[in-house]
Amino acid sequence: MLTATNPYTGQEILKYEALNEQGVNITIAKAVNAFDSWHTMPIQQRAEILKSVAASLRKNKPLLSKLMAEEMGKPVKEGGPEVEKAAWCAEYYAEHAEAYLSDEKLPSDASESYVCYQPLGTLLGILPWNAPLWLAFRYLAPALMAGNTCVMKHDPNVPGCAQAIEQVFEEAGAPVGVMVNLPVETPLVEKAIRHPDIVAISFTGSAGAGAKVASMAASEIKPSVLELGGSDPLIVLADADLDTAADVATLSRIINAGQSCIAAKRIIIEAPVYDEFIDKLKTRLQKLTMGDPLEESTDIGPIARADLRDNLHRQVTETINAGASCLLGGEIPDGNGFAYPVTFLADVTADMTAFREETFGPVMCAIKAESAEHALVLANDTEFGLGAGIWTDNIELAKDLAMKINAGQVAINGIVKTDPRLPSGGIKKSGYGRELGPHGIKEFVNTKQVWIK
């Protein structure tokens, strides 16, 4: 059984039947059987179906927002925009997939030579709980428009959200089997990865779990895309627009109660403006309201699970004990559920836990840098490499730093975010491969060269 638990109250919501091994085989077979008719369908017809799915998402936005709030604690005022973003992703690929997948003519010694892009078959997407709608469609929309069929194994925390996504496709009139929900407990995930009819795997989650998925996929000679954890630096130089930078740093760190891979987790501030910027951040963080995610007034919902909160508190406690200053929060509140307060740690150094590990919650760390060069060293002093931010009025310097930061994406004077129009992904322990943009749709295709004399 898969049990949905409300992280705000700590109470069980509902139990969902999990598939056994036979159920896994039957479900995957549905997607396999749908492949022939789906990938031979004109791409314009696939596009119309994806547009219908987007319309169904918007129609069901209140229900989907409520499900996210109840199952993983996302405030409803963030849930609605997440549903809209998922719908945008479906529409974007419906409109642009044909151009992204068009044949590319290349010169050679042939009379004609070109590259075409063909779907691989039936894919498995293994998804996390922290953005149940957006992360699902980041996987589904490009893969489906490329002509693949998709098996979706969502996180056990959000079984209701997973079921609702499948129902959205049904309501939109999508052909049976092109997208199937795979509600299984963790021990059966390996069976799905190794299933002979699964041709490739998309995984979003922790670095530890990603390493296991990657090793299984590699042992079966199946391609995979991994979007894993992050400890994103946000560099603030002395000439930056400090007020705007503080607004964006706060939003980036606190959205979804800080449970985001691409959140700005390490705020690296140049020494001349360190104290001033600390004050600006503290002022903004103090205004945020923690509470029931079903209330529109709530800024910060709970941590998704008790074990995740316990680990976050360990990281905070170890960092304070190592000499960091706790300017806000830092204590587990009384009451039911898994709430954790907005916590602001200043004077963090590179040897402290909150610098070295990914903190998945509303915990902001401030680090002092003596110069732009020192800030770059601190930014790169991590095993992760997902995103990074730079704030400065010197755009040429920012561009130079962006080339030297070890990350998959860099935002200059803006927020690190995912966008259907642009590729997203990481390096080092943040994973490999890309999602979204023209690059993402080509991860799960056969890049076939054709040579004609």
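Residues numbered from 1 in each chain as written. Predicted model: local features only at pLDDT ≥ 70, side-chain atom pairs only at ≥ 80, totals over all residues. Heavy atoms only, no water.

- If you check an unreviewed UniProt entry, the protein chain appears there as Succinate-semialdehyde dehydrogenase from Methylophaga aminisulfidivorans MP.
- What the UniProt record of the protein chain gives under Sequence similarities (unreviewed entry) is the line "Belongs to the aldehyde dehydrogenase family." (UniProt positions renumbered as here; feature names shortened; annotations may be inferred.)

Considering the sheet that holds strand E16 (residues 409–412)
- Strand order across the open sheet formed by seven strands is E12-E13-E14-E11-E10-E15-E16, with mixed pairing between neighbours. Pairing within the sheet leaves two strands with one partner each, and these edge strands are strand E12 (325–328) and E16. On average, adjacent strands in this sheet sit at an angle of 20° to one another, irrespective of strand direction.
- Its contacts with the sheet put helix H11 (residues 306–321) on E12, strand E13 (343–346) and strand E14 (363–369), and the angle it makes with E13 is roughly 30°. (Pairing = 2+ DSSP bridges. Helix = DSSP H or I, 4+ residues; strand = E, 2+ residues; numbered from the N terminus. Axes fitted to C-alpha atoms, helices over the stretch in contact; angles between N-to-C directions. Contact = heavy atoms within 4.5 Å.)

Focus on the layout of surface pockets
- The computed volume of the largest pocket comes to approximately 930 Å³.
- Taken together, 34 residues form the lining of the largest pocket, with Phe-203, Gly-205, Ser-206, Ala-207 and Ala-209 sitting closest to its centre.
- Those elements that place two or more of their residues in the lining of the largest pocket are helix H7 (189–194), strand E8 (198–204), helix H8 (207–219) and H11.
- The greatest single-element share of the lining of the largest pocket, amounting to six residues, is contributed by H8.
- Of the residues belonging to the lining of the largest pocket, the class tally is 17 nonpolar, nine polar and eight charged.
- Residues lining the lining of the largest pocket come from more than one domain, with at least three contributed by each of domain 1 (2–228 + 428–452) and domain 2 (232–412).
- Considering only enclosed or pocket space, the second largest pocket measures out at about 650 Å³ in volume.
- Considering the residues around the second largest pocket, the lining is formed by 27 residues, among which Lys-85, Trp-134, Ile-255, Ser-260 and Thr-418 are closest to the centre.
- Those elements that provide at least two residues to the lining of the second largest pocket are helix H4 (76–100), helix H5 (134–145) and helix H9 (242–254).
- At six residues, the largest contribution of residues to the lining of the second largest pocket is made by H4. (1 Å grid on protein atoms, 1.4 Å probe; cavity = no way out; pocket = protein on both sides within 12 Å on 5 of 7 lines; lining within 4 Å. Points joined across faces, edges and corners; volume = space filled by probe spheres on them. Nonpolar A, V, L, I, M, F, W, Y, C, P; charged D, E, K, R; others polar. Domains from an automatic or database assignment.)

Regarding empty space enclosed by the protein
- Under the criterion given, the structure shown has four cavities of 30 Å³ or more.
- Roughly 110 Å³ of volume is contained in the largest cavity.
- Together, 13 residues line the largest cavity, and Arg-138, Tyr-139, Pro-142, Gly-440 and Phe-444 are the ones closest to its centre.
- With four residues, H5 is the single largest residue contributor to the lining of the largest cavity.
- Residues that form the lining of the largest cavity fall into these classes: seven nonpolar, two polar and four charged.

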